[in-house]
2 protein chains.
Amino acid sequence: MDFLETAMNRQSCRSFDENRAVEPEKLERVLQAGRLAPSACNGQPYHITVCTGETAHQVAVATQGPGMNKFAVQAPVVIVISEENYNKTAAVGSKIKGNDYRSIDIGILTAYLTSEANSQGLESCILGWFDDEKVRKICGLTHPVRLVIVLGYAPDGYLLRPKKRKELDELVTRI
Amino acid sequence: MDFLETAMNRQSCRSFDENRAVEPEKLERVLQAGRLAPSACNGQPYHITVCTGETAHQVAVATQGPGMNKFAVQAPVVIVISEENYNKTAAVGSKIKGNDYRSIDIGILTAYLTSEANSQGLESCILGWFDDEKVRKICGLTHPVRLVIVLGYAPDGYLLRPKKRKELDELVTRI
């Protein structure tokens, strides 16, 4: 078991097989992995809303903009990540240090959810573009929505693209 | 290969074996996993500074506060994550949507680094408490430091603790 394989195989999927549902037991494992994500002072300052059926469709539509996220409506599962309040320790630390730990925690959670999705043979795309007000209304949320993750199976023949990243020499300094 | 095992086995390690170095090839795999992390518009708005030896010690000292992070000086490798500028597309998206994608990206990167560390049998702790100015000076950085990750081997007999997390019913709503 090596995470590097997950890192190599996971990619943003922008086309989903609309006729292939996500098995409930696979979705459960994805959520269980998310539940175990570490967070600042173990605050877990987020909530996960799992949308399927008509609700998934509505949220997917609310992620669309001019030329953006058209594929989202094909995904059978749409996961909405919203922000929750800090716990007290994290709130104090954040104030003193001027660091937004909540957003970092939401990033870690997102990596955990999408990594386990990859382990289960599912494809995902992390969407940062959405109509916050509309998504909140559909999901009955009072806190801000931070990310939407679409989940499902890619159509047959959808290929793993080569990854374009900064070279290690540019990304990393050793001292 | 299942990420859920990584999620279950990885924990914040607060004691390191000072006599056991991190093998260079393991560190390389950790960095390679980090390099593959996804980010908003593929902006990769971060830089990684890997500190060893005296530099690691200096940064570790700069993470200490009253009763905090005393163990950090035991870690043979200290990784500093600093923020870089957005690329243009992500900057425009962030402004329009009022969303801090950079911090989320740094969270995803952190999960990738620490997950691969776990795959390599290494232990890690993610530190959000540090003296930004001091760490920047030690590392010669001009951008803000967002997180410090300490890396190494736990001493013999260091146990996996049960994880305390919100129950799935509290964390997740299904609609």
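If you're wondering where the values come from, they're calculated on a predicted model, not measured in any experiment.

## Structural notes on helix α3 (residues 53-62) of chain B
Residue and element names in this part refer to chain B.
Next up, step 1: Within α3, the full set of buried residues consists of T55, A56, V59, A60 and A62. Angularly, the buried residues of α3 cover 160° about the axis, an arc narrow enough to put them on a single face. With respect to the buried face of α3, the exposed residues turned more than 90 degrees away are G53 and E54.

## Focus on the sheet that holds strand β3 (residues 123-127) of chain A
Next up, step 1: Across the sheet, which stays open at both edges, the 5 strands sit in the order β3(A)-β4(A)-β2(A)-β1(A)-β5(B) with mixed pairing between neighbours. Edge positions in the open sheet fall to β3 of chain A together with β5 (172-174) of chain B, since each of these has one partner strand only. For this sheet the average axis-to-axis angle between neighbouring strands, irrespective of direction, equals 20°.
Next up, step 2: Sheet analysis places strand β2 (residues 77-83) of chain A next to strand β4 (residues 145-152) of chain A, joined by 6 bridges and oriented antiparallel. Residue V77 of chain A lies in a different strand from β4 of chain A, and its bridge partner there is L151 of chain A.
Next up, step 3: Helix α5 (residues 101-119) of chain A rests against β1 (46-52), β2, β3 and β4 of chain A of the sheet, and its axis sits at about 5° to β4 of chain A.

## A few points about the interface of chain B and chain A
Next up, step 1: Tallying the contact residues gives 69 residues for chain B and 69 residues for chain A.
Next up, step 2: Of the roughly 6400 Å² buried at the junction of chain B and chain A (both faces included), carbon and sulfur atoms supply 59%.
Next up, step 3: Linking chain B to chain A there are 6 salt bridges.
Next up, step 4: For R29 of chain B, the salt bridge identified is with D2 of chain A, shortest N-O distance 2.7 Å.
Next up, step 5: The leading source of residues in the side of chain B that touches chain A is helix α5 (residues 101-119) of chain B, at 12 residues.
Next up, step 6: Among the residues making up the side of chain B that touches chain A, the classes are represented as 31 nonpolar, 19 polar and 19 charged.

## Considerations on the side chain of K166 of chain B
Next up, step 1: Looking at where K166 of chain B falls in the secondary structure, it is placed in the loop between β4 (145-152) and α7 (168-171).
Next up, step 2: At 2.7 Å, the side chain of K166 of chain B and the backbone oxygen of Q44 of chain A are in polar contact.
Next up, step 3: If we skip the residues at most four places from it in the chain, K166 of chain B touches R35, G43, Q44, Y46 and E84 of chain A together with L171 of chain B.

## Some details on the nonpolar core
Next up, step 1: Judged by nonpolar contacts, the single largest core of 64 residues is most densely connected at L31, I48, I81 and L113 of chain A together with I48 and I81 of chain B.
Next up, step 2: With near-sequence residues (within four places) excluded, I81 of chain B lies in contact with Y46, H47, I48, I106, L109, L113, V145, R146, L147 and I149 of chain B.

## A few points about the sheet that holds strand β1 (residues 46-52) of chain B
Next up, step 1: Read across the sheet, 5 strands follow the order β5(A)-β1(B)-β2(B)-β4(B)-β3(B) without closing on themselves; strand pairing throughout is mixed. Single-partner strands in this sheet number two, and they are β5 (172-174) of chain A together with β3 (123-127) of chain B. Averaged over all pairs of adjacent strands, the angle between their axes in this sheet comes to 20°, without regard to strand direction.
Next up, step 2: Relative to strand β2 (residues 77-83) of chain B, β1 of chain B runs antiparallel, the two sharing 7 bridges.

## Observations regarding the pattern of salt bridges
Next up, step 1: Under the criterion given, the structure shown has 14 salt bridges over all chains.
Next up, step 2: Put simply, E167 of chain A and R35 of chain B hold a salt bridge, and the shortest N to O gap is 3.9 Å. Here E167 of chain A is found in the loop between β4 and α7 (168-171), whereas its partner R35 of chain B is found in helix α2 (residues 24-35) on a different chain.
Next up, step 3: Given a relative accessible area of 52%, E167 of chain A falls into the exposed group.
Next up, step 4: E116 of chain B is the salt-bridge partner of R29 of chain B, the closest N and O atoms lying 3.4 Å from each other. Linking R29 of chain B in helix α2 with E116 of chain B in helix α5, this pair joins segments that are 87 residues apart in sequence.
Next up, step 5: Of the residues examined, E116 of chain B reaches a relative accessible area of 0% and is grouped as buried.
Next up, step 6: Within the structure, one salt-bridge network assembled from shared partners comprises D2 of chain A together with R29 and E116 of chain B.

## Some words on the environment of A33 of chain A
Next up, step 1: Its place among the elements puts A33 of chain A in helix α2 (residues 24-35).
Next up, step 2: Assessed through its relative accessible area of 0%, A33 of chain A is described here as buried.
Next up, step 3: Sequence spacing of A33 of chain A and E116 of chain A is 83 residues, and the spatial spacing of their C-alpha atoms is 6.4 Å.
Next up, step 4: Setting aside residues no more than four positions away along its own chain, A33 of chain A makes contact with Y112 and E116 of chain A together with F3, L4 and A7 of chain B.

The rules behind the values
- Residues numbered from 1 in each chain as written.
- Chains lettered and ligands numbered in written order.
- Predicted model: local features only at pLDDT ≥ 70, side-chain atom pairs only at ≥ 80, totals over all residues.
- Heavy atoms only, no water.
- Buried < 20%, exposed > 50% of the residue type's maximum accessible area, 1.4 Å probe, protein only.
- Helix = DSSP H or I, 4+ residues; strand = E, 2+ residues; numbered from the N terminus.
- Arc of directions from axis to C-beta.
- Pairing = 2+ DSSP bridges.
- Axes fitted to C-alpha atoms, helices over the stretch in contact; angles between N-to-C directions.
- Contact = heavy atoms within 4.5 Å.
- Buried area = accessible area lost by both parts, 1.4 Å probe.
- Salt bridge = Lys/Arg side-chain N within 4 Å of Asp/Glu carboxyl O.
- Nonpolar A, V, L, I, M, F, W, Y, C, P; charged D, E, K, R; others polar.
- Polar contact = N/O pair within 3.5 Å; in protein donor to acceptor, adjacent residues only side chain to side chain.
- Core = buried A, V, L, I, M, F, W, Y, C linked by side-chain atoms within 4.5 Å.

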